[in-house]
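Read off the chains here:
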Amino acid sequence: PPPPPPPAAAAAAAVGEYRDRGIGVSVTDAELRAGVLQAPSGVDLGAAALCFQRQISNFSENHRHQQACLYADFLPPDRATLDEGAKRQLDSLRRAIPNALPTRNIYRYDCKWKDGRESQAEIGAKLSPIDTEDVRNMCAEIRQALVDRLETAIIFKPPAVDALGQELMAQSAYYDRVGGDCLARDATIERINFYLYRGDGVHTPLVLYGEPGVGKTAVMAYLASAWTSAAAMGAVDAPPPLVVARFCGVTEAS
């Protein structure tokens, strides 16, 4: 005999059966397929999806209970006969979803039907015929699993990208590194420092020029690093200088 179809294919076949009968899939089914079974290849399902499955261990022998329709699909008009097509569709999804996720993301719960042990008051109040303690434990574990995932996502959330901050850090690291290689340029640095220190109110620009490779960048990097460090340590007279250093090519943005 041919091998059984994989769970995802079986789930698709069950959906096809319903479409042939003119019945569309539910929103939940459509979301499960789009978000898990047919998720784009770049989606990390281990981080994006959790599966919580509840199994009512003794439901089959209690499916005629008046509240059984809350836990299974029945055929109209009397709602007394289980909808086997809907059951196959659900069973296919129950197999396909866990197979698409890592084992650590799957939580299964075995709940028990009360076997007719509920009181008439409970029946009249339409309280759950599933054992209350099972439901309570299941809800507590689901809540804890979600809390754990949210806390992990918050802790490991990558920081927001600060483009300006990254550019400033890259520029600062560059002129600190390159400035350390500035050698035998004492006379040039002294002249520039005299220009910066004079404070006579004359704000004419100073242009540093020369042939390629003579050390213009190293001199400017040294001065940017030295004046930034001096201002940070309070080693200059007030007001401290404002250093704006931007070396082209340090980053893609520059």
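Just so it is clear, the model here is predicted, and its values are computed rather than measured. (Residues numbered from 1 in each chain as written. Predicted model: local features only at pLDDT ≥ 70, side-chain atom pairs only at ≥ 80, totals over all residues. Heavy atoms only, no water.)

Novice: I'm lost on the overall build of the protein chain in this one. Help?
Specialist: Within the protein chain one finds nine helices and four strands. Sequence-ordered secondary structure for the protein chain, helices as α and strands as β, is α-α-α-β-β-β-α-β-α-α-α-α-α. Looking at the protein chain as a whole, 25% of its 254 residues are labelled buried. Within the protein chain, contacts between residues separated by at least 24 positions form 68% of all contacts whose residues are at least 6 apart in sequence. In the structure as shown, the protein chain presents an accessible area of about 17700 Å², 58% of it carried by carbon and sulfur atoms. (Helix = DSSP H or I, 4+ residues; strand = E, 2+ residues; numbered from the N terminus. Buried < 20%, exposed > 50% of the residue type's maximum accessible area, 1.4 Å probe, protein only. Contact = heavy atoms within 4.5 Å. Areas by Shrake-Rupley, 256 points an atom, 1.4 Å probe, with all protein chains shown as cover.)

Novice: I tried to follow the pattern of salt bridges on my own but got confused; where do I start?
Specialist: Think of it this way: side chains of opposite charge can pair up when their charged atoms draw near. Here the structure, examined in full by the defined rule, presents three salt bridges. Across the salt bridge formed by Lys87 and Asp91, the nearest N and O atoms sit 3.0 Å from each other. Placement of both Lys87 and Asp91 in helix H4 (residues 84–99) is noted, with a separation of four residues, approximately one turn of the helix. On the basis of relative accessible area, Asp91 is assigned to the partly exposed category, the value being 24%. (Salt bridge = Lys/Arg side-chain N within 4 Å of Asp/Glu carboxyl O.)

Novice: In this structure, what is going on with the packing of helix H8 (residues 186–197) against helix H9 (residues 216–232)? I would like to understand it.
Specialist: If you want to describe how two helices pack, look at the angle between their axes and the distance between the axes. The N-to-C vectors of H8 and H9 enclose an angle of 50°; their axes lie 11 Å apart at closest approach. The orientation of H8 with respect to H9, classified from their angle, is oblique. Our pair here, H8 against H9, has a crossing hand that is right-handed. Contacts between H8 and H9 pair Thr188, Ile189, Ile192, Asn193, Leu196 and Tyr197 from the former with Val219, Tyr222, Leu223 and Trp227 from the latter. Taken together, the residues of the contact of H8 with H9 sort by class into eight nonpolar, two polar and no charged. (Axes fitted to C-alpha atoms, helices over the stretch in contact; angles between N-to-C directions. Parallel < 35°, antiparallel > 145°, perpendicular 65-115°, else oblique. Left-handed = near helix turned anticlockwise from the far one by under 90°. Nonpolar A, V, L, I, M, F, W, Y, C, P; charged D, E, K, R; others polar.)

Novice: What is the right way to look at the confidence of the model for the protein chain in this model?
Specialist: As a general rule, the predicted coordinates of low-pLDDT regions are not to be interpreted in detail. In the predicted model, the protein chain carries a mean pLDDT of 76, and 77% of its residues have values of at least 70. Mean pLDDT per element in the protein chain: helix H5 (residues 120–124) is the minimum at 50, and helix H7 (residues 163–179) is the maximum at 87. Low pLDDT (under 50) marks residues 18–23, which in the prediction has eight contacts with non-local residues, meaning those over four places away or in another chain. Considering only residues more than four positions removed or in separate chains, one finds that residues 123–127, a stretch of pLDDT under 50, has six contacts. (pLDDT = per-residue confidence, 0-100.)

Novice: Looking at this structure, how should I read the nonpolar core?
Specialist: Taken as a class, soluble globular proteins show a tendency for nonpolar side chains to be buried jointly. If you look at the biggest cluster of nonpolar residues, it comprises 12 residues: Tyr175, Val178, Cys182, Ile189, Ile192, Ala218, Val219, Ala221, Leu223, Ala224, Trp227 and Phe247. The leading source of residues in this core is H9, at six residues. Not counting chain neighbours up to four residues away, the residues in contact with Ala221 comprise Tyr175, Val178, Gly179 and Phe247. The next biggest cluster of nonpolar side chains, apart from the first, holds 11 residues, and it includes Ile56, Phe59, Tyr109 and Met138. (Core = buried A, V, L, I, M, F, W, Y, C linked by side-chain atoms within 4.5 Å.)

Novice: What is the right way to look at H7 in this model?
Specialist: Since the α-helix packs 3.6 residues into each turn, any two residues three or four apart lie on the same face. Across its 17 residues, H7 extends 24 Å between first and last C-alpha, which sits within 8% of the 24 Å expected from 1.5 Å per residue. Looking at H7, one finds that the buried residues are Gly165, Glu167, Gln171, Tyr175, Val178 and Gly179. Tucked inside the fold, the buried residues of H7 contact H9. (Expected span 1.5 Å × (residues − 1).)

Novice: Can you help me understand the packing of H7 against H9 in this one?
Specialist: The N-to-C vectors of H7 and H9 enclose an angle of 115°; their axes lie 7 Å apart at closest approach. Here H7 lies roughly perpendicular to H9, going by the angle between them. As H7 runs across H9, the sense of the crossing is left-handed. In this structure, H7 contributes Tyr174, Tyr175, Asp176, Val178 and Gly179 to the contact, and H9 contributes Thr217, Ala218, Ala221, Tyr222, Ala224, Ser225 and Thr228. Class assignment of the residues belonging to the contact of H7 with H9 gives a composition of seven nonpolar, four polar and one charged.

Novice: Quick question: what am I supposed to make of the packing of aromatic side chains here?
Specialist: Counted according to the given criterion, the structure contains three aromatic pairs. Pairing Tyr174 with Phe247 gives two aromatic rings, centres 5.3 Å apart and planes at 55°, and the pair type is tilted. Of this pair, Tyr174 sits in helix H7 while Phe247 sits in the segment after H9, placing them 73 residues apart in sequence. Accessibility expressed as a relative area gives 11% for Phe247, which makes it buried. Centre to centre, the rings of Tyr175 and Phe247 are 6.4 Å apart; their planes meet at 50°, and the pair counts as tilted. Taken together, the residues span a long stretch of sequence, with Tyr175 in helix H7 and Phe247 in the segment after H9 at a distance of 72 residues. Each member of the pair, Tyr175 together with Phe247, is buried. Joined through ring pairs, the aromatic side chains of Tyr174, Tyr175 and Phe247 make up one cluster. (Phe/Tyr/Trp six-rings, centres within 6.5 Å; stacked < 30°, edge-to-face > 60°.)

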